[in-house]
Amino acid sequence: MPPMNAAPPASPVYRISQPLPLDSGQVLENCEIAYETYGTLAPDASNAVLVCHALTGDQYLASPHPITGKPGWWERMVGPGKPIDTNRHFVICANVIGSCMGSSGPASLAPDGQPYAMRFPVITIRDMVRGLVALLDGLGIERLHAVVGGSMGGMQALSLAANWPDRAARVLVIASTARHSAQNIAFHEVGRQAIMADPAWAEGDYYAAQAKPDNGLAVARMAAHITYLSEAGLTEKFGRRLQDRDAKSFGFDADFQVESYLRYQGSGFTRRFDANSYLYITRAMDYFDIAEEHGGKLADAFGGTQARFCLVSFDTDWLYPTAESRHIVHALNAAGAKVSFVELSAPHGHDSFLLEHDQLDRVVKGFVE
Amino acid sequence: MTGLRPDLAAIAAHVAPGSRVLDIGCGDGALMAVLEAQSGCDARGMELDGALVERCVSRGLSVVQGDANLDLANYPDKAFDYAILSQTLQTATRPDLMLDELLRVGRRAFVSFPNFAHWRTRLALLLGGRMPVTRALPVSWYETQNIHHVTVEDFRELARLKGAKVERAWFFSNEKQIGAPAANWRAEFAVFKLSR
């Protein structure tokens, strides 16, 4: 198994020359952003679309993942002739800071030559977006044609619109929220506690050790994965069916298919993700509350914005339910912003934004075009 | 005008160019598209039916999926030059409160509705003794979304009660504009322009 903290080779890396100021008051020195691009930037840099990834996503938006070999995570949406058409648009996707696919995060080396581990500063969604804005500066992109994101990617899109209102002409936010709810925070805390309860976590200082906190990280992923699916979706996919056996074992093996599936998801995840990154990114999401950043009123975060917004929710998404999108829409209406909103019907819960959905394709295409 | 329904065409012809417009119950966005393309308006829409919203968004219009009975409350006072309610008033839970909201979010309002006092409707009820199913009201009583049928005279009375000024009215029968005399008998559809 390759060492977890080895940066994958493929992506170009942008080095931010200035120290990156963070919401915590700390700064991040020598910050690096790994990114992928698709399509060609127009001479006037007017055709750039930034796609922001979700919690465990990465910059491999429309190209194969170097560790898993799987196709890009949104290849069905981004590419030549796809709803986000790389024949027309220059599409950028960057690994967020705090993550582990080439951008600066807890697995990166600190100035003393050792991995940061828990010495990495606690970051926020706005800090991630600061990193992305620095990358846009580096690429010579003053104003994005569109910023697009689902889930945590949607939080980044909203944060960009609220804090750098001139940087994007269109803001597309899918299955997301303007603040983490108590329930959202609660599920993340279960995941973090699972990681920190793993003896191999070793206060985060495991990079040189034989054992990684894979068991804790796998449990965190299993718990989170349930929140990405709907009850009906789980029932349809697994029901109470047994896994490779005809009868219950009267033991604690994965008797049920759904158990086997979750274990597989959990262990697969540990091959491509750093446990400390999971702690830092979930923390950033829990701290997210755009209204709080802007004096307590969400509409004030978007006052005077000239951007066009589009929000999409899914009727079976109980992680970031439609009410959260509506809350944002109401604030944008109050701010006088141009906003569209549609709740799409899909059986698969929060994950629907990553799956086949013709209506979503048409909305994305129509809005981003 | 570009194949719009006659009531929508009358509205489109009387919205000042460059206005800010909210089209409540915008359907597939036909009126909004004309207002944006031909009058340079900043048009926003609200529509309950998600499939119609998707069509609007995919043609580049700014439309919010929402319930006009509830979601108008989120718009600031006088946010729009015009609030448009086309053939939706009679579906409202409380048409009187919706009219208040219309005149709160818009400086002016256009309201169009099918006239229940049209002679065909009257005859159907008088002679047939059954809830009318007519050209203008083609859906049977148990399926129709029109839960608050209204006549031209009822609407004038509601406007008066609400302190709204009728700036102008248009009447239609058989897809054509007709004159105001005896409109409560002759009009299948009516459009009112109001202010307060």
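Residues numbered from 1 in each chain as written. Chains lettered and ligands numbered in written order. Predicted model: local features only at pLDDT ≥ 70, side-chain atom pairs only at ≥ 80, totals over all residues. Heavy atoms only, no water.

(A) Molecular detail of the pattern of salt bridges. A full pass over the atoms with the stated rule returns 35 salt bridges over all chains. The partner of A:Asp127 in a salt bridge is A:Arg130, with the nearest N and O atoms 2.5 Å apart. Here A:Arg130 and A:Asp127 lie together in helix H1 (residues 125–139), a separation of three residues that amounts to about one turn. With a shortest N-O distance of 2.9 Å, B:Glu157 and B:Arg160 are connected by a salt bridge. Of this pair, B:Glu157 and B:Arg160 both sit in helix H7 (residues 152–161), three residues apart, which is roughly one turn of the helix. (Salt bridge = Lys/Arg side-chain N within 4 Å of Asp/Glu carboxyl O. Helix = DSSP H or I, 4+ residues; strand = E, 2+ residues; numbered from the N terminus.)

(B) Highlighting the interface of chain A and chain B. Every contact between the two is made by 20 residues of chain A and, on the other side, 22 residues of chain B. Taken together, the two surfaces of chain A and chain B that pack against each other cover about 1,700 Å², and 46% of this comes from carbon and sulfur. Among the residues chain A hides against chain B, the three largest losses belong to A:His330, A:Asn333 and A:Lys338. Together they make up 28% of the total. Run the count over chain A and chain B and you get four salt bridges. A:Lys338 is the salt-bridge partner of B:Asp42, the closest N and O atoms lying 3.6 Å from each other. Counting the contacts that link chain A with chain B gives 14 residue pairs in polar contact (both at pLDDT 80 or more). Every element with two or more residues in the side of chain A that touches chain B is listed here: strand S11 (308–314), helix H10 (322–334), strand S12 (338–344) and helix H11 (358–368) of chain A. (Contact = heavy atoms within 4.5 Å. Buried area = accessible area lost by both parts, 1.4 Å probe. Polar contact = N/O pair within 3.5 Å; in protein donor to acceptor, adjacent residues only side chain to side chain.)

(C) Focus on the packing of aromatic side chains. Throughout the structure, instances matching the rule amount to 19 aromatic pairs over all chains. Between A:Trp74 and A:Phe353, the aromatic rings sit 6.5 Å apart at their centres with planes inclined by 75°, giving edge-to-face as the arrangement. With a gap of 279 residues between them, A:Trp74 in the loop between strand S5 (48–52) and strand S6 (78–79) and A:Phe353 in the loop between S12 and H11 connect regions that are remote in the sequence. Residue classification places A:Trp74 among the buried positions, given a relative accessible area of 1%. By relative accessible area, A:Phe353 is classed as buried at 3%. Their ring planes at 15° and their centres at 5.0 Å tell us that A:Phe269 and A:Phe273 sit as a pair that is stacked. Since its relative accessible area comes to 1%, A:Phe269 is described here as buried. Using a relative accessible area of 1% as the deciding quantity, one classes A:Phe273 as buried. Chaining the aromatic ring pairs together yields one cluster made of B:Phe113, B:Phe155, B:Phe171 and B:Phe192. (Phe/Tyr/Trp six-rings, centres within 6.5 Å; stacked < 30°, edge-to-face > 60°. Buried < 20%, exposed > 50% of the residue type's maximum accessible area, 1.4 Å probe, protein only.)

(D) Here's a closer look at the side chain of A:Asp286. Residue and element names in this part refer to chain A. Among the secondary structure elements, aspartate 286 is positioned in helix H7 (residues 275–286). Aspartate 286 gets classed as buried once you look at its relative accessible area, which sits at 8%. Among residues more than four places away in sequence, those in contact with aspartate 286 are His180, Asn184, Ile185, His188 and Arg192.

(E) Fine view of the pairing of S11(A). Residues and elements named next belong to chain A. Most of S11 sits out of view: seven of its seven residues are buried. Burial along S11 is two-sided: the face carrying Arg308, Cys310, Val312 and Phe314 and the face carrying Phe309, Leu311 and Ser313 are both buried. Both strand S10 (residues 170–174) and S11 contribute to a ladder of five bridges, which runs parallel. In the strand pairing of S11, arginine 170 is matched with arginine 308. Across seven bridges, the pairing between S11 and S12 is parallel. What sits directly across from leucine 311, in S12, is phenylalanine 341. Handedness of the S11-H10-S12 crossover: right-handed. (Pairing = 2+ DSSP bridges. Right-handed = clockwise from strand over helix to strand, strands pointing away.)

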